[in-house]
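The residues making up each chain are set out below.
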Amino acid sequence: MLQKIAALRAEIDALTAASAEDVEALRIKYLSKKGLIPSLMNDFRSVPAEEKRTVGQAINDLKTAATDRINALRDALAATDDPTDGLDLTRTATPLRVGTRHPLSLVREEIIAIFRRLGFTIAEGPEIEDDWHVFSSLNFADDHPARDMQDTFFIGRTPDVLLRTHTSSVQSRVMETTQPPIRIICPGRVYRNEAISARAHCFFHQVEALYVDKNVTFADLLQTLRYFAREMFGPETGIRLRPSYFPFTEPSAEMDISCDLCGGKGCAFCKGTGWVEILGCGMVDPNVLEACGIDSKVYSGFALGMGIERITNLKYRVNDLRLFSENDRRFLDEFAGTH
Ligand code: DAH
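Colleague: What should I look at first to understand the overall build of the protein chain in this one?
Modeller: Counting secondary structure elements, the protein chain contains 12 helices and nine strands. Taken over C-alpha atoms, the radius of gyration comes to 42 Å for the protein chain, far larger than the 20 Å a tight globule of 339 residues would show. Considered along the principal axes of its C-alpha atoms, the protein chain spans approximately 130 × 50 × 40 Å. When burial is assessed residue by residue, the protein chain has 41% of its 339 residues classed as buried. Partitioning the contacts of the protein chain with sequence separation of at least 6, the portion at a separation of at least 24 is 67%. Distance between charge centres in the protein chain, computed from 40 positive and 48 negative side chains, equals 6 Å.

Colleague: Please clarify how unusual backbone geometry should be interpreted in this entry.
Modeller: Across the chain, the bulk of peptide bonds are trans and the bulk of non-glycine residues have phi less than zero. That bond from P180 to P181 is cis: its omega, 5 degrees, falls within 30 degrees of zero. For P181, the position within the fold is in the loop between helix 7 (168-177) and strand 4 (182-191). With omega at 0 degrees, the peptide bond leading from E250 into P251 counts as cis. Here P251 shows up in strand 7 (residues 249-258). Positive phi, normally seen in glycine, also occurs at N215, with a value near 60 degrees. Along the chain, N215 turns up in the loop between strand 5 (203-213) and helix 8 (218-233). Judged by its relative accessible area of 66%, N215 falls in the exposed class.

Rules used throughout
Residues numbered from 1 in each chain as written. Predicted model: local features only at pLDDT ≥ 70, side-chain atom pairs only at ≥ 80, totals over all residues. Heavy atoms only, no water. Helix = DSSP H or I, 4+ residues; strand = E, 2+ residues; numbered from the N terminus. Rg over C-alpha atoms; globule rule 2.2 N^0.38 Å. Buried < 20%, exposed > 50% of the residue type's maximum accessible area, 1.4 Å probe, protein only. Contact = heavy atoms within 4.5 Å. Lys, Arg positive; Asp, Glu negative; His and termini not counted. Charge placed at Lys NZ, Arg CZ, Asp CG, Glu CD.

This is how it looks when you write it as structure tokens:
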């Protein structure tokens, strides 16, 4: 009997298995009810009484050894059951698709960065405005056409609640609450009652700049404009000012930059003139300073305002305004990786 046990023990110590099925077959062979080890109990009955102790102990040991061995085989197989089978863990991960920055945001940030280098800080104001800040404080006559229903979105029935038509409203808000020196840049969205087309939209974006201090002159404005144009469009960019009219500036001007498509020679883009218009500007009208509580005998200032879409069109040659608000991925993806 003991010999039989020893032989089984040797067999068990040498067991191997190549799969979970092999392990299960071994378990059935040795440990199941009718397996080899439980069957030893039949023989056990005929073992003489004085040997029962030793033989019983040997059977128990054999059973433990078999259970341990089979469990060990099962564990070893589970450990080699590699979950990364067929995967190359050294491969670079597939990059997550993150969004791209919107071209208008890119250009807005660039404009802000340029003015920040000149000491301007950002100021913001509400998009829902009142007549005073959008028009009256800025020296618009009562019958100025910009107040007309065709240009301005009024909210509700009162003509005093409206969507701002330009970011110049932030000028008067800041001047009302701050004494000079004031050096601010005001980016924001503006609204006009226009039919949507490639060249016009009912909302767009502007950046306004305002500098008010003692002895601010047109020369300061000119240098600021020149610096801005060169930083934005390159060091070769030329500028020219044409006299213009805005209610809130006197004198007023519009600034053109040399057309960088044709180098100023004249092409279809600049309509043969060699110049493209980019912004309006001027010296803050003393009436505006006074309306906002700033002494126009002590202080003077300049202001300028530009459309972000316009600058973006010039910089990236986007020729349809609608692209900016349609969220077409084919368009937006062109700006991937631009910072
Ligand atoms: N607010 C003007 C507009 O919406 C742009 C503008 C022109 C702003 C001249 C200015 C300025 O500050 O001086 O068309």
